[in-house]
Structures are given as structure tokens and as C-alpha cells.
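# Observations on the three-dimensional arrangement
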Amino acid sequence: MRVLLHTGKGGVGKTTLALATALGAAEHGHRVFVLSTDSAHSLGDALGRRIGPRPVAIAEGVVAQEVGVLDELDRAWSEIQEWLRQLLRDEADEMVADELLVFPGMEELVSLRAVREVEATGEFDVCVVDCAPTGATLRMLRFPDALRIFMEHFFDLERRGARLLRPLVKRLGAAGLVPREEFFDAFERLYREVEDVRQILLDTDRTTARLVVNPARVVVEETRRSFSYLSLYGVATDAVLVNRELPERATGGYFARWGARQREELEEIARSFPVPLFHAPLHSRELRGVSDLQALAREVFGDTDPARILTRARPIRLHKRGDRTVLAIDLHGVRKEELDVRSTGSELLVRVRDAERRIALPASLVGREVDEAHLDDGVLEVVFAA
Ligand SMILES: Nc1ncnc2c1ncn2[C@@H]1O[C@H](COP(=O)(O)OP(=O)(O)OP(=O)(O)O)[C@@H](O)[C@H]1O
Ligand SMILES: [Mg+2]
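Quick caveat, the model's predicted, so the values are computed rather than measured. (Residues numbered from 1 in each chain as written. Chains lettered and ligands numbered in written order. Predicted model: local features only at pLDDT ≥ 70, side-chain atom pairs only at ≥ 80, totals over all residues. Heavy atoms only, no water.)

## Structural notes on the environment of Arg 224
Tracing the sequence through the fold places Arg 224 in helix H9 (residues 217-232). Along the chain, Arg 224 and Gly 8 lie 216 residues apart, while their C-alpha atoms are 9.9 Å from each other. Filtering out sequence-adjacent residues up to four positions away, Arg 224 remains in contact with Glu 268, Ser 272 and Phe 273. (Helix = DSSP H or I, 4+ residues; strand = E, 2+ residues; numbered from the N terminus. Contact = heavy atoms within 4.5 Å.)

## Things to note about the nonpolar core
Counting 90 residues, the largest nonpolar core has Leu 5, Leu 35, Leu 331 and Val 350 as the members making the most contacts within it. A per-element tally of this core places helix H1 (residues 14-27) first, with eight residues. Counting the residues that make up this core, at least three belong to each of domain 1 (1-313) and domain 2 (316-384). Beyond its immediate chain neighbours, meaning those up to four positions away, Leu 331 contacts Ser 228, Leu 232, Leu 339, Val 352, Leu 375, Gly 378, Val 379 and Leu 380. (Core = buried A, V, L, I, M, F, W, Y, C linked by side-chain atoms within 4.5 Å. Buried < 20%, exposed > 50% of the residue type's maximum accessible area, 1.4 Å probe, protein only. Domains from an automatic or database assignment.)

## Side note on the pattern of salt bridges
Summed over the entire model, instances satisfying the criterion amount to 25 salt bridges. Its salt-bridge partner being Arg 312, residue Asp 205 comes within 2.7 Å of it at the nearest N-O pair. Here Asp 205, found in the loop between helix H8 (180-201) and strand S6 (207-213), pairs with Arg 312, found in the loop between helix H11 (290-301) and strand S9 (316-321); they are 107 residues apart in sequence, far enough to count as distant. The class of Arg 312 is exposed, set by a relative accessible area of 61%. Put simply, Arg 351 and Glu 356 hold a salt bridge, and the shortest N to O gap is 3.9 Å. The partly exposed category is assigned to Arg 351, whose relative accessible area is 34%. A single network of salt bridges, built from pairs that share partners, joins Arg 335, Glu 337, Glu 338 and Arg 353. (Salt bridge = Lys/Arg side-chain N within 4 Å of Asp/Glu carboxyl O.)

## A look at the site of ligand 1
The full set close to ligand 1 counts 17 residues, and Gly 11, Lys 14, Thr 16, Arg 244 and Glu 286 are the nearest of them. With respect to ligand 1, the side chain of Arg 244 contributes an N or O atom lying 2.7 Å from an oxygen atom. Contacts to ligand 1 include Pro 281, whose backbone N or O atom sits 2.9 Å from a nitrogen atom. Contact with the protein chains covers 79% of the free accessible surface of ligand 1, which is 630 Å². (Near = heavy atom within 4 Å. Polar contact = N/O pair within 3.5 Å; in protein donor to acceptor, adjacent residues only side chain to side chain. Areas by Shrake-Rupley, 256 points an atom, 1.4 Å probe, with all protein chains shown as cover.)

## Observations concerning unusual backbone geometry
Positioned with a positive phi, Arg 244 is a non-glycine residue whose angle comes to about 65°. Along the chain, the position of Arg 244 falls in strand S7 (residues 237-245). The phi torsion at Arg 353 lies on the positive side, around 50°, for a residue other than glycine. Assignment of secondary structure puts Arg 353 in the loop between strand S12 (347-352) and strand S13 (355-360).

## Remarks on the sheet that holds S13
Ordered in space as S11-S12-S13, the three strands form an open sheet in which the pairing is antiparallel. If you trace the sheet from one side to the other, it starts and ends with strand S11 (339-343) and S13, each paired once. The mean angle between the axes of side-by-side strands here comes to 15°, regardless of whether they run parallel or antiparallel. Relative to S12, S11 runs antiparallel, the two being bridged by five bridges. Paired with Asp 340 across the two strands is Arg 351, which belongs to S12. (Pairing = 2+ DSSP bridges. Axes fitted to C-alpha atoms, helices over the stretch in contact; angles between N-to-C directions.)

Pasting the structure below:
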């Protein structure tokens, strides 16, 4: 199943373009599922009808759902987090606490599980995800990493014995919420599920992101940062969708200066993103309902199947150079001074501005010295000794 993540700054047109993409893909014969993982659901607003937590058909070959129901597991998860908070107050060392305190919440978890459920039905070729604005999307992508790190510490704590777990058992017992067995079962199930989704999201043959921008300076700048963060988390962006372009014919007279500024921004967009651009004009009214959105899909994609992988990229890759191994990460638009790379022996810590990723090294690289790390033409190369 192909997965298309739509993200971008607030209000740029993510929901509108995610739906247009879904409807356009259906016209190319795909069976499409559109999923909104933004807690401020708006598929319904854009379609002019109610969409809820149950999947509903919105057009030939297109099913939509706004995810957001909490079930038993999610409640168990709240407990886990609560316990964690308690534990951190007393026990954890500083680094672990740092990692865990940024641990993402329910929303991201629910979103990730939804993608997996769509895949599990086996009934869809394409899953279009209308994501929350970029910050939350990045938290979602960070989730599997954070969970892995958490699991390692969690089981470590368990091994260290009942001393640390006793407060947990007491708490849960006293509150009568979740018996211990269930708690651990829930946790393991959760871990497996998130691992499954990680496989889907990081598989560049299946999943790509589409960044939606408007031709305006603040939007372009933020989106450029998102582009590199997505790459850092291993997600390839295969197209940028430029929304709300003022048509040429509308840029005379009063709008002449606006037109000139827009042209500058469009050039900046073309320079900033090394992927194909698709363009959606600004309409004089809201785009609402299936037929408006189908028409928009034709305007934006023409004859191109929007579900295709529009450009191939593998943002994180390993290759050999002589007898040394090179780990390369695409970090287009990142400057040297915004980057920090460290190796712990088993993980590579890559920090880009305020985002950090811990990349678990493959067994063959564990314990190997980093010979050099350099950033050239938007590609970070970390060279491991032979
Ligand atoms: N090209 C366009 N021309 C005219 N109106 C548009 C265009 N694109 C989007 N809109 C309108 O702009 C509003 C915001 O669009 P949309 O909801 O898709 O943005 P969003 O990025 O999903 O917002 P949020 O961050 O709140 O989720 C909607 O009313 C939509 O109909
Ligand atoms: Mg939206």
C-alpha cells in the first residue's frame, strides 16, 4: 500500500490538497483511503458533510475517516505515561529523562496505529494521510525512535528489579485501573504495532511526504526546515505542492507588486526543494465538496497519477567506499553550524537545529570509529573506519 503524508504549516491547504490527491488517485483506478490524524479534524468541513471515526465512502473508490477514538489500549497508555512521569521525578538520570520527557503523546500514537489498520485490511492501494501541522507530524515520526529508546530503558529498569516497579504496581493496583499483566501485554502489543508502522513509514518504496506551501516568505522558510527534518527521520519528500498561486492574469494593476513578490517566492521555492513542484491556483471561493476537489486535482496533477512516487529518494543510506562504510543523510538547506553529529558506539546522534535523531547503527558498524563527517551539497556523510 502506498502511503502519502500531507503536511505543512497551519492553514496552507493540507486538507484540501490531501483530498484532491485522494480523489485524483481514485480516478486513476486506485482504491483509496483518506485518513485525518489532525485532532482538529476538517475532512468533513472540506467535503461539506460529516466524516467521523468510522470509515465512510465519499466517492467512487474513496473512503474517508477521522481518527480519534480512545480504546482500552490508549487508556493503558495514559497510565504508562503517568507512571513514567512519576518515575522520572525520582529515578532517571538526566539524559534518559531528557529523552523521555519529549516522549510524544496519544495523538501521534493513535495516528500511527490508524495507518497500520488501513494496511491490515488489504483493501486499499493508497492511504492518503492529512497530517497535523508540521510540528505534530514530526513528533509522530519521532515516536517509533522514542519508543525504542524508552523500551530499552524500560526493560532495563525491569531487570534492575522490583524496586523501581513497586511504585508502579502500587499505583496501578491502588487506582484499580490496569492489572500488571495487562499493563505489560499492552505495552508489548503497542511496541509491535509501532514497529510495524515504522517499517511502513520508513520504506521509501511505499511512503513519501508531500509538503504543501504557499508562495509567502514565512511559509517557505518553515517548510524548508520541515523538508530537512523529514529527511532526518528517514521519510522521503517526493513533491512540493504550491497552493494559492495568484494566476498571472490577476497580477496587473493593484496586484502588480503582489505578483512580483510571488514570482520571487516561486523562484525561492524552486531553489529550496530538489523535488518536482505542483501548482494549485488561488480560487476566488472556498473549495468545498467532491466535485470542487476533483476539479482541483485535475488542475494540480493534470494527467499525472498523484499516487505515483513522483521522485525517488532514499534520505538515509549506507554504502561502501573502498573498505570504509559511509552513512549518508540528505540534509538539503542545512548549514554546517546547524548540525551536530556524535557517535555513542551503538547509535549515531544527529542533531539539526532543535531536532535530534538517534539512528541505531547496524551490527556491522557498532563500535566502529567515525573517521570523518562532512556536509557537502546538502548531503551529510559520516565515514566509519574499516
Ligand atoms: N487554492 C485555493 N483557493 C481557494 N481557497 C483555498 C485554496 N486552498 C485552500 N483553500 C481554502 O483555505 C482554507 C484552508 O484550507 P485547508 O483546510 O485545506 O488548510 P489546512 O492546511 O488543512 O489547514 P489546517 O492547518 O488548519 O489543517 C479552506 O477554507 C480551503 O477551502
Ligand atoms: Mg487541515
